[in-house]
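Coordinates in review
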Amino acid sequence: MLSEVQRFQNLPQFSHEPLEVNLIRHGLSAGNLFKQLLNTGKLPPEKAAKLMDLIRIDWDIPLVRKGHEQAKQLGLKLKADPFFDPKSIDVVVVANCRRARETAYGVMDAAGIDPKLIIELNPRIGERDWGDHHLQDKDLIARAEKLRIEDPFCWSPHEGEKMRYTSERVNHAFTTFNRRFGGKRVLGFTHGEFIVSAKAEISRIYDPLDFSELLKQGIPNCGLLQISRLSPEGKESNGYTHLRQFAVESSARQGDWSGKWQEIIRPKYDLSNIVAPPTDRSKEILELLGEYLP
């Protein structure tokens, strides 16, 4: 395995795309906390209505105190992490929402990233447009959340964005990274659904059932997805080969966020497995149409 000096100071052999892309979800926001309290019925109706009206303006939602603490903790952990090295970051890109910008400040300040490093705001790595989804009636939200998992690419929140459009933003962002930041280490501060979509695009996870599993796992607040052309041993490839997930805290349902490297294994299809396995839904459709089938 390469020493840290070799890993972070060797010049990249290939420069057609970044050497690494690090994507960090924002810390716990007032919007996240509001949804948790609303779901548990802990908010008085009058206060809930007032908050609901205020959080309609998505870009202005701030971090809560725990979110600021998460950002600081993540920054301190990354400062000591053998696979990150804050001094090696070449480019910082931040979504233009308040919670992403506050997270960027907290992580970078605690990690000791050069305060003079130029930071770019980029709305294309911003939050999925949820429209009025979280402002709907509780029963409508529950039904919508079910459809969100069952039809992950095509379901859209009320007046919001389908994940297929989020995926288009991911592809646009990575195309921009390839064009402008070839051979560099990119650090991005963004949002959960964008990171889910980025992981799916890099891993070529296009099967709806597999993509649903990614959505169900989600991304913890201040979770880092690191996508690299370097193997854990430091061997460089001309495409992304490894990723790891790292977080200060996560739940069991969210998978492994301990920081272990994983090889990116992309699905392969041929005539033995291209047909999607039947589901209860697909079988029921045919049963209901049974007497009308030609």
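See the structure shown above.
Heads up: these notes are all about the structure in this document. (Residues numbered from 1 in each chain as written. Predicted model: local features only at pLDDT ≥ 70, side-chain atom pairs only at ≥ 80, totals over all residues. Heavy atoms only, no water.)

Remarks on the sheet that holds strand 4 (residues 185–190)
- Read across the open sheet, the 7 strands follow the order 3-2-4-1-5-6-7; overall the sheet is mixed. For this open sheet the edge positions go to strand 3 (119–121) and strand 7 (258–263), each flanked by a neighbour on one side alone. Strand-to-strand twist across the sheet, computed as the mean angle between neighbouring axes with direction ignored, equals 15 degrees.
- Sheet topology note: the strand 2 (residues 91–94)/strand 3 ladder contains 3 bridges and is parallel. Bridge pairing in strand 3 links V94 to L121.
- The sheet strands contacting helix 4 (residues 65–79) are strand 1 (20–25), strand 5 (224–228) and strand 6 (242–246), and the helix crosses strand 6 at an angle near 135 degrees.
- The strands touched by helix 5 (residues 98–111) are strand 1, strand 2, strand 3 and strand 4; relative to strand 4, the strand with the most contacts, the crossing angle is about 135 degrees. (Pairing = 2+ DSSP bridges. Helix = DSSP H or I, 4+ residues; strand = E, 2+ residues; numbered from the N terminus. Axes fitted to C-alpha atoms, helices over the stretch in contact; angles between N-to-C directions. Contact = heavy atoms within 4.5 Å.)

Regarding the environment of N178
- Relative to the elements of secondary structure, N178 occurs in helix 7 (residues 163–180).
- What makes N178 partly exposed here is its relative accessible area of 26%.
- N178 has contacts with H16, E17, P18 and Y240, leaving out every residue within four places of it along the chain. (Buried < 20%, exposed > 50% of the residue type's maximum accessible area, 1.4 Å probe, protein only.)

Quick notes on the side chain of H242
- Take H242: it is sitting in strand 6.
- Polar contacts involving the side chain of H242 include one to the side chain of T241, which spans 2.9 Å. (Polar contact = N/O pair within 3.5 Å; in protein donor to acceptor, adjacent residues only side chain to side chain.)

Thoughts on helix 4
- Taking 1.5 Å of rise per residue, 15 residues should cover 21 Å, and helix 4 covers 22 Å from first to last C-alpha, within 8% of that figure.
- Regarding helix 4, the residues found buried are G67, Q70, A71, L74, G75 and L78. Summarising the axial view, the buried residues of helix 4 lie within an arc of 130 degrees, below the 170-degree limit, and thus occupy one face. The exposed set on the far side of helix 4, more than 90 degrees from its buried face, consists of R65, K72 and K79.
- Buried residues in helix 4 make contact with strand 1, helix 5, strand 5 and strand 6. (Expected span 1.5 Å × (residues − 1). Arc of directions from axis to C-beta.)

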